[in-house]
Amino acid sequence: MKVLKFGGTSVGSAENIRKVKEIVKSQNDNVVVVVSALGGITDKILNAAKMAILGTDYFNTEITAIRERHESLVDQLFEGEQKEEVKERVSQLLDELERVIVGVSMIGELTDKTLDKIGGFGERLSSLIISEFIDDASWIDSSKLIKTDSAFGKAQVNFSLTNTLIKAALGEFKGICIAPGFVSSNSDGDYTTLGRGGSDYTAAIYAAALDASVLEIWTDVDGFMTADPRVISKAYVIEELSYAEAMELSHFGAKVIYPPTILPVYKKGIPTFIKNTLNPQASGSLITSRRMNGKDRPIKGISSISNISLITVQGLGMVGVTGISMRLFSALAVNNINVILISQASSENSISIAVDTPKAVSAETAIRAEFEREIMSHKINKVEVENDLSIVAIVGENMKHSTGIAGKLFNTIGKNGINIIAIAQGASELNISWVVKNSDLRKTLNVVHESFFLSENVELNVFLLGMGLVGGNLLKQIQQQQEKLLKEKHLKIKLVGVANSKKMMLDRDGIDINGFRDRLEIDGVESGLAAYKAAIIDLNIYNSVFVDCTASNNSADLYADLLNANVSIVTANKVAASSDYNNYKKLKSIAKNKGVKFLFETNVGAGLPIINTLNDLVNAGDKILKIEAVLSGTLNFIFNTISADVPLSKTIQLAKEEGYSEPDPRIDLSGIDVVRKLLILVRESGYKIEKDDVQINTFIPDNYFEGTIDDFWANISKVDTDFEERRQKLDAENKCWRFVAKYEDGHAEVGLQEVAQGHPFFDLQGSNNLVMFTSERYNEFPMIIKGYGAGAAVTAAGVFADIIRVSNI
């Protein structure tokens, strides 16, 4: 024998009832089918009754809607003579319902007994229609078999009598039997109801009494999910879980079952399937009494309850005093206030309880009344209510067999800037629950879901600033590598924000790289840097990284606020790391304290692994003694190109035309860019240094840096003759020029240097960079890093590598 239960959505339309018929007829066993009222009908019935109390005729509108809904359903399901017969039987029940509600209107009173009588009409109507629609099905009245006491509104089942009656009626039954859910009766035959989740409860009672092989609860979801799919798109169905896990997940917001209703089958060890009427091919979720083995995931799912208030009672007068907790919970119980979560300090100095927000005022009033004397004498100095909160819980029986779950959980939450307000964990280690702000709920669910491998892939959410050469190349590279990263590294990089100097666009679900420029133009909103920063922080999305591909002096001003909001920073912009030393240290400190990344590998050498290598040396205990470097691709290009046929002024022009220099090449010729890079290397080596501490030895007279860019181009050729004479002398000595940055013994300088053949700098080709680190460990033979150090593609590649580092894969 199987017992199948179909909920309100499953029987809510003619189309769905046809699916119910297919499912029932496909069973290779005898079945009892328990059905709920059509979706929304019970609410309409109760609403009509409440209107009737007011003594008005408004209830007639609801009665008419109820009648039309059922008659329309019959019209769609039946034909000919059968349709008229079913319609007549349905009409008789509806007439009975209307008479009861008219009676309520006449006397102006709605007792719990009357509520129970009318509350089950929806199930009586739906079960009648379905029993007629399914061929060869019989109908049985659940109210005649399920017996309760006379506590109307909260009746308790008499299981001894109920089991006897069900076995007598259905113990030898063969075929298909349709039964209404929710309804029951007392010993006098008066209708009672089984409360919240009553139809599930009815099905469980039948299954337990008949020792069914399985209970199948057919609903409108595929089963228990690892998390709410409306919040976490990557949530998936839990194929198997224990009764304890199912009850915990349901208690904390997974609206699949109401825990008390499946108690009868839990006691009998009868497996329960959760299946989807609208997707019957889905495997569903199996709930069993089987103990989960060590191979199962430690965490089965994440659940949450929103709109919670936390009430904290605190005072030194509570320490060591017996009965405080008893008085607290008794005061709440008397006022019918359910406590959802309890968190108490081991010092007994405070206790916090979570309740539904609508009950918070009543709960506070009850607590203050109970402890009035202690509050007056200051033994209790605080009764505080915090609103706009949510409870999140992770559930899994295997947590007790897995070390480090709590540590990993709270580390992950903390790194994403989520503040935990209260924590609770039972000794059984079946769940860990904690309280967060409502505004942090979505972020919490996503980051925890991903952290515990409930999702296969790590997801990084990228906010890009700057869509020029570097930004554009970066997006191309991400697009080209996405499939490989997803397959081999289980890393998904998702563009969720993009901005240029005029517009910004953000989309939590992701922005397609293919058409992002057109979409920004059409859907983007006018913005500035401050607006973009505010939008990123307000979105409050997990695993966020802000990528700065600009050369803006102002974008670096955003970094501190973003890091404080637990957004990692990856930047190709040198301004922040080469700014005032205190600002540099502040940004590094915020990133460390917040557990996020502040990465700027491309600030020196574009895509070359210079800063990361330097960090590795320092972190491993090595001490940097000297830095020598050629760090300007532009200047290296100029001094590699200069010749008898190509004077200095022409090489500068070529550098601009080839895209090596800034539009105003004086920025490169001044050496300021090299100073910034040297500052960064020295600071990352562990030394304090400011820009003014660096000596700049310019190779072009100062007057060429004055006036307009046109003045510069008009006069720069005047230095060609002097430079050519000096070049010929160098050439005769087998030497060349290199613009070198150097730091040693606290002294930093940049300037043009004559380099002899055999020196590592001598053979540096094109716009390549080279860095030499002399350290305590690399003393006789310095560490050399050499390669292509300029260009949009390699810079973008370095930024891309930093983004991947943020993910910690």
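Residues numbered from 1 in each chain as written. Predicted model: local features only at pLDDT ≥ 70, side-chain atom pairs only at ≥ 80, totals over all residues. Heavy atoms only, no water.

**Observations regarding the overall build of the protein**
Helix and strand counts for the protein come out as 29 helices and 29 strands. For the protein, the spread of C-alpha atoms along the three principal axes comes to 120 × 75 × 55 Å. Looking at the protein as a whole, 52% of its 809 residues are labelled buried. By sequence separation, contacts in the protein at least 24 residues apart represent 73% of the contacts at least 6 residues apart. (Helix = DSSP H or I, 4+ residues; strand = E, 2+ residues; numbered from the N terminus. Buried < 20%, exposed > 50% of the residue type's maximum accessible area, 1.4 Å probe, protein only. Contact = heavy atoms within 4.5 Å.)

**Regarding the nonpolar core**
Judged by nonpolar contacts, the single largest core of 97 residues is most densely connected at Ile394, Phe546, Leu681 and Phe773. Per-element tally for this core: the top contributor is helix H26 (residues 672-684), with 7 residues. Counting residues in each nonpolar core, the second largest holds 46 residues, with Ala14, Val90, Leu110 and Phe121 among its members. (Core = buried A, V, L, I, M, F, W, Y, C linked by side-chain atoms within 4.5 Å.)

**Describing the packing of aromatic side chains**
A complete count under the given rule lists 17 aromatic pairs for this structure. Aromatic pair Phe639 and Trp737: ring centres 5.9 Å apart, planes at 65°, arrangement edge-to-face. Of the two residues, Phe639 sits in helix H23 (residues 633-641) while Trp737 sits in strand E26 (residues 735-744), which places them 98 residues apart along the sequence. Accessibility expressed as a relative area gives 6% for Trp737, which makes it buried. Ring centres of Phe699 and Phe739 lie 5.9 Å apart, and the angle between their planes is 65°; on these two criteria the pair is classed as edge-to-face. Here the residue Phe699 occupies a position in the loop between strand E25 (694-697) and helix H27 (709-715), and Phe739 occupies one in strand E26, the gap between them amounting to 40 residues. Overall, the relative accessible area of 3% leaves Phe739 in the buried class. A network of ring pairs unites the aromatic residues Tyr532, Phe546, Tyr559, Phe598 and Phe600 as a single cluster. Arg683 extends its terminal NZ or CZ atom over the ring of Tyr584, reaching a point 5.3 Å from the ring centre. The ring of Phe723 carries the charged tip of Arg726 above its face, separated from the ring centre by 4.8 Å. (Phe/Tyr/Trp six-rings, centres within 6.5 Å; stacked < 30°, edge-to-face > 60°. Lys NZ or Arg CZ within 6 Å of the ring centre and 35° of its normal.)

**Details of the pairing of strand E4 (residues 176-180)**
Most of E4 sits out of view: 5 of its 5 residues are buried. Summarising the sheet, strand E2 (residues 31-35) and E4 pair through 5 bridges and their orientation is parallel. Considered in E4, the bridge of Val32 is made with Cys177. (Pairing = 2+ DSSP bridges.)

**As for the sheet that holds strand E7 (residues 214-219)**
Remark on secondary structure: sheet strands pair via backbone hydrogen bonds, oriented parallel or antiparallel. Across the sheet, which stays open at both edges, the 8 strands sit in the order E3-E4-E2-E1-E7-E9-E10-E8 with mixed pairing between neighbours. Sheet topology places strand E3 (137-139) and strand E8 (240-242) at the edges, where each strand pairs with a single neighbour. On average, each strand axis in the sheet is inclined to that of its neighbour by 25°, with strand direction left out of account. Pairing geometry for strand E9 (residues 272-276) and strand E10 (residues 285-288), over 3 bridges, is antiparallel. Bridging across to E10, Thr272 finds its partner in Ile287. The strands that helix H1 (residues 14-25) touches are strand E1 (2-6), E2, E4 and E7; relative to E1, the one it contacts most, it runs at about 170°. (Axes fitted to C-alpha atoms, helices over the stretch in contact; angles between N-to-C directions.)

**Overview of the environment of Tyr532**
Counting through the fold element by element, Tyr532 comes out in helix H19 (residues 529-539). The exposure class assigned to Tyr532 is buried, which follows from its relative accessible area of 1%. The spatial distance from the C-alpha of Tyr532 to the C-alpha of Val498 is 8.9 Å, given a sequence separation of 34 residues. Contact partners of Tyr532, with chain neighbours within four places excluded, come to Phe463, Leu464, Leu465, Gly497, Val498, Ala499, Met504, Leu506 and Phe546.

**Some details on the packing of helix H3 (residues 59-77) against helix H6 (residues 121-133)**
Orientation of H3 relative to H6, taken along the N-to-C sense of each, is 5°, at an axis distance of 11 Å. As far as their axial angle goes, H6 and H3 are roughly parallel. Between H3 and H6, the contacting residues are His70, Leu73, Val74 and Leu77 on the first element and Leu125, Ile129 and Phe133 on the second. Residues that form the contact of H3 with H6 fall into these classes: 6 nonpolar, 1 polar and no charged. (Parallel < 35°, antiparallel > 145°, perpendicular 65-115°, else oblique. Nonpolar A, V, L, I, M, F, W, Y, C, P; charged D, E, K, R; others polar.)

**Points about helix H24 (residues 648-657)**
Considered for burial, the residues of H24 that qualify are Leu648, Ser649, Thr651, Ile652 and Ala655. Projected down its long axis, H24 carries its buried residues within an arc of 165°, all on one side. For H24, the secondary structure elements touched by its buried residues are H23, helix H25 (666-669), H27 and helix H28 (720-732). One or two residues past the end of H24 sits Gly659, with phi positive at roughly 85°. (Arc of directions from axis to C-beta.)

**Structural notes on unusual backbone geometry**
In this model, His490 sits at a positive phi of 55°, which is unusual for a non-glycine residue. In this fold, His490 is placed in the loop between helix H17 (469-489) and strand E18 (491-499). Phi at Asn540 takes a positive value of approximately 50°, unusual for a residue other than glycine. Here Asn540 lies in the loop between H19 and strand E21 (544-548). For Asn540, a relative accessible area of 18% translates into the label buried.

**Side note on the environment of Ile522**
Among the structural elements, Ile522 can be located in helix H18 (residues 516-523). With a relative accessible area of 68%, Ile522 lands in the exposed category. A C-alpha to C-alpha distance of 18 Å links Ile522 and Gly472, two positions 50 residues apart in sequence.

**Some details on the side chain of Ser127**
In this structure, Ser127 sits in helix H6. A polar side-chain atom of Ser127 sits 3.1 Å from the main-chain carbonyl oxygen of Arg124. There is a polar contact of 2.9 Å between the side chain of Ser127 and the side chain of Trp139. In contact with Ser127, other than residues within four places in its own chain, are Val35, Trp139, Ile178, Ala179 and Pro180. (Polar contact = N/O pair within 3.5 Å; in protein donor to acceptor, adjacent residues only side chain to side chain.)

**Notes on a nonpolar patch on the surface**
Residues Val102, Met106 and Ile107 make up a contiguous nonpolar surface patch of about 330 Å² in total accessible area. As for its position among the elements, Val102 is in helix H4 (residues 80-107). (Patch = residues over 30% accessible without salt bridge, like charges linked within 9 Å, V, L, I, M, F, W, Y side chains within 5 Å. Areas by Shrake-Rupley, 256 points an atom, 1.4 Å probe, with all protein chains shown as cover. Salt bridge = Lys/Arg side-chain N within 4 Å of Asp/Glu carboxyl O.)

**Things to note about the sheet that holds E25**
Read across the open sheet, the 6 strands follow the order E25-E27-E26-E24-E28-E29; overall the sheet is mixed. With one partner strand each, in any of the chains shown, E25 and strand E29 (783-788) form the two edges of the open sheet. Strand after strand, the sheet turns through a mean of 25° between neighbouring axes, direction not considered. Bridge analysis of E25 against strand E27 (residues 747-756) gives 4 bridges, and the strand direction is parallel. Counterpart to Asn697 in the pairing with E27 is Gly751. Helix-sheet contacts for H26 involve strand E24 (624-630), E25, E26, E27 and strand E28 (768-775), and the interaxial angle to E26 is about 40°.

**Remarks on the pattern of salt bridges**
In this structure the tally under the stated criterion is 35 salt bridges. Between Lys574 and Asp673 there is a salt bridge whose closest N-O contact spans 3.2 Å. Note that Lys574 is positioned in the loop between strand E22 (568-571) and helix H21 (581-594) and Asp673 in helix H26, a separation of 99 residues in sequence. You can call Lys574 buried: its relative accessible area is 17%. Here Asp673 falls in the buried class, since its relative accessible area comes to 17%. Lys677 is the partner of Asp673 in a salt bridge, and the nearest nitrogen-oxygen pair spans 3.3 Å. Of this pair, Asp673 and Lys677 are both found in helix H26, 4 residues apart, which corresponds to roughly one turn of the helix. Each member of the pair, Asp673 together with Lys677, is buried. Here the salt bridges share partners, and the residues they tie into one network are Arg67, Asp95 and Glu98.

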